[in-house]
Amino acid sequence: MHPPHLVALDIDGTLLTHEGELRPAVHDAVAATAAAGHQIVIATGRSVLGTLPVLARLGIERGYAVCSNGAVTIDLDPALPSGYEVIEAVTFDPGPALTLLHDAWPDAVVAVEDLGVGFKVSAPFPDPLEGVVTIVPWEELLADPVTRVTFRSPTGTSDDFVELTHRIGLHGVNYAVGFSAWLDINPEGVSKGSALELIRRRLSIQPMHTVAIGDQRNDLEMLRWAARGVAMGNAPEEVREVADEVTASVYDDGAPAVLLTLPGVARGSEVASC
């Protein structure tokens, strides 16, 4: 009998294409991995409200999920009215970071997460956000501790924001630049990796039996944490460099290719033929 593994999976660019497609091979491989007794843990930068629909599409009703880049961890329970409960939410004072970011990029918009509700934003946000989105004065963005701050520009690039973080010198927080000009800021020391380590201990899974698959800079700590850290083929070079291995891109079913190598996962079935 094989030991259970903790399998941490990013969503966007890993399980879902950048257009939001969940390919059949991904759905089936995730189901086969769970059926083999492994613990699937979705680890994403999405909020809880943005994560739940993806969990439903994957057929995951129980277990744990890491949201907001590690700041929020939920325990899934279909018996609860919401289908989950928050077991950890780490907050920080957004004031120092927002002060540095204020006027740092001409058309940038700031959003702070309102856990379980939605987001408060400084202006209309250029991308869809989950839940209730409320435009508030700048001072209100700084008023309360938050789990995450998002800084977004519709005209910049990810390289622009990497340069920006070096120029303004963000300190006392954990941050990651996304696929586009999207900067997520979390409490210092908080990452997908730190949250996954707490879950690993809860589940009493050995460190050697941890696997993580991701594609972006917010996955760096997670890939370093896992005994087997796998970067998607569509990941930036700096992400591929820290990984133990690189799989195919999200458009070529890179995640299923990894999942099908885990002990006990069905092979030669419909899953493997997708």
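Residues numbered from 1 in each chain as written. Predicted model: local features only at pLDDT ≥ 70, side-chain atom pairs only at ≥ 80, totals over all residues. Heavy atoms only, no water.

Trainee: Explain the pattern of salt bridges to me, using residue names and the numbers behind them.
Mentor: On inspection of all chains with the given rule, the structure shows 15 salt bridges. Salt-bridge contacts for Asp-12 lead to Arg-46; the nearest nitrogen and oxygen are separated by 2.8 Å. In this pair, Asp-12 is assigned in the loop between strand S1 (6-9) and helix H1 (24-35) and Arg-46 in the loop between strand S2 (39-43) and helix H2 (48-58), connecting sequence segments 34 residues apart. Its relative accessible area of 32% is what places Asp-12 among the partly exposed residues. Among the ionic pairs, Arg-148 bridges to Asp-184, the shortest N-O distance being 3.7 Å. With Arg-148 in the loop between helix H4 (138-141) and strand S9 (149-152) and Asp-184 in strand S11 (residues 182-187), this residue pair connects regions lying 36 residues apart in the sequence. Owing to a relative accessible area of 4%, Arg-148 belongs among the buried residues under this scheme. Given the relative accessible area of 6%, Asp-184 is considered buried. (Salt bridge = Lys/Arg side-chain N within 4 Å of Asp/Glu carboxyl O. Helix = DSSP H or I, 4+ residues; strand = E, 2+ residues; numbered from the N terminus. Buried < 20%, exposed > 50% of the residue type's maximum accessible area, 1.4 Å probe, protein only.)

Trainee: Lay out the sheet that holds strand S5 (residues 84-89) in plain terms, naming residues and giving numbers.
Mentor: Taken together, eight strands build an open sheet; the order of strands is S5-S4-S3-S2-S1-S12-S13-S14 and the sheet is mixed. Because the sheet does not close on itself, it has two edges, and the strands there are S5 and strand S14 (245-246). Where H2 meets the sheet, it contacts S2, strand S3 (63-67), strand S4 (72-76) and S5, and its direction lies at approximately 40° from that of S4. Contacting S1, S2, S3, S4, S5 and strand S12 (210-214), helix H6 (residues 192-203) crosses the sheet at an angle of about 165° to S3. (Pairing = 2+ DSSP bridges. Contact = heavy atoms within 4.5 Å. Axes fitted to C-alpha atoms, helices over the stretch in contact; angles between N-to-C directions.)

Trainee: Can you lay out unusual backbone geometry for me, pointing to particular residues and giving the numbers?
Mentor: Trans peptide bonds make up the majority, and among non-glycine residues the majority have a negative phi. In this structure, Asp-103 is a non-glycine residue whose phi angle is positive, near 65°. In this fold, Asp-103 is placed in the loop between helix H3 (95-101) and strand S6 (109-114). Its identity as a non-glycine residue notwithstanding, Ser-204 has a phi of 55°, on the positive side. Its place among the elements puts Ser-204 in the loop between H6 and S12. Using a relative accessible area of 63% as the deciding quantity, one classes Ser-204 as exposed.

Trainee: How would you explain H1 if you had to name every residue and give the values?
Mentor: Counting along an α-helix, one turn takes 3.6 residues, and residues three or four places apart therefore face a common direction. Its twelve residues give H1 an end-to-end C-alpha distance of 16 Å, which sits within 8% of 16 Å, the value for a rise of 1.5 Å per residue. Buried residues of H1: Ala-25, Val-26, Asp-28, Ala-29, Val-30, Ala-32 and Thr-33, and no others. Gly-37 sits one or two positions beyond H1 and adopts a positive phi of about 95°. (Expected span 1.5 Å × (residues − 1).)

Trainee: Kindly report on the packing of aromatic side chains, identifying the contributing residues and their values.
Mentor: Under the defined criterion, the tally for this structure stands at one aromatic pair. Between the aromatic rings of Phe-125 and Trp-182, the centroid separation amounts to 5.7 Å while the plane-to-plane angle is 80°, which identifies the pairing as edge-to-face. With a gap of 57 residues between them, Phe-125 in the loop between strand S7 (118-121) and strand S8 (132-135) and Trp-182 in strand S11 connect regions that are remote in the sequence. Using a relative accessible area of 15% as the deciding quantity, one classes Phe-125 as buried. (Phe/Tyr/Trp six-rings, centres within 6.5 Å; stacked < 30°, edge-to-face > 60°.)

Trainee: Give a detailed account of the pairing of S4, specifying residues and quantitative values.
Mentor: With respect to burial, S4 is a largely interior element, four of its five residues being buried. As paired strands, S3 and S4 are joined by five bridges and run antiparallel to one another. The residue bridging Tyr-64 from the neighbouring strand is Asp-75, located in S4. Between S3 and S4, which pair antiparallel one after the other, the connecting turn spans four residues, and Ser-68 there sits at a positive phi close to 50°. Here S4 runs beside S5; their pairing, made up of five bridges, is antiparallel. Along S5, the bridge assignment pairs Ile-74 with Val-86.

Trainee: I'd love a proper account of the pairing of S11, names of residues and values included.
Mentor: Taking burial as the measure, the six residues of S11 include five buried ones, the bulk of the element. Sheet topology note: the S9/S11 ladder contains four bridges and is antiparallel. Each bridged residue has a counterpart across the sheet, and for Thr-150 the counterpart in S11 is Asp-184.

Trainee: Quick rundown of H6? Include the residues and the values.
Mentor: Taking 1.5 Å of rise per residue, the twelve residues of H6 would be expected to cover 16 Å, and the 16 Å separating its terminal C-alpha atoms lies within 8% of that figure. Buried residues along H6 sit in contact with S1, S2, S3, S4, S12 and helix H7 (220-225). At the N-terminal boundary of H6, the capping side chain belongs to Ser-191, with an oxygen 3.2 Å from the backbone nitrogen of Gly-193. Of the residues flanking the end of H6, it is Ser-204, one or two places downstream, whose phi is positive at about 55°. (Polar contact = N/O pair within 3.5 Å; in protein donor to acceptor, adjacent residues only side chain to side chain.)

Keep in mind these numbers describe shape, not what the thing actually does.
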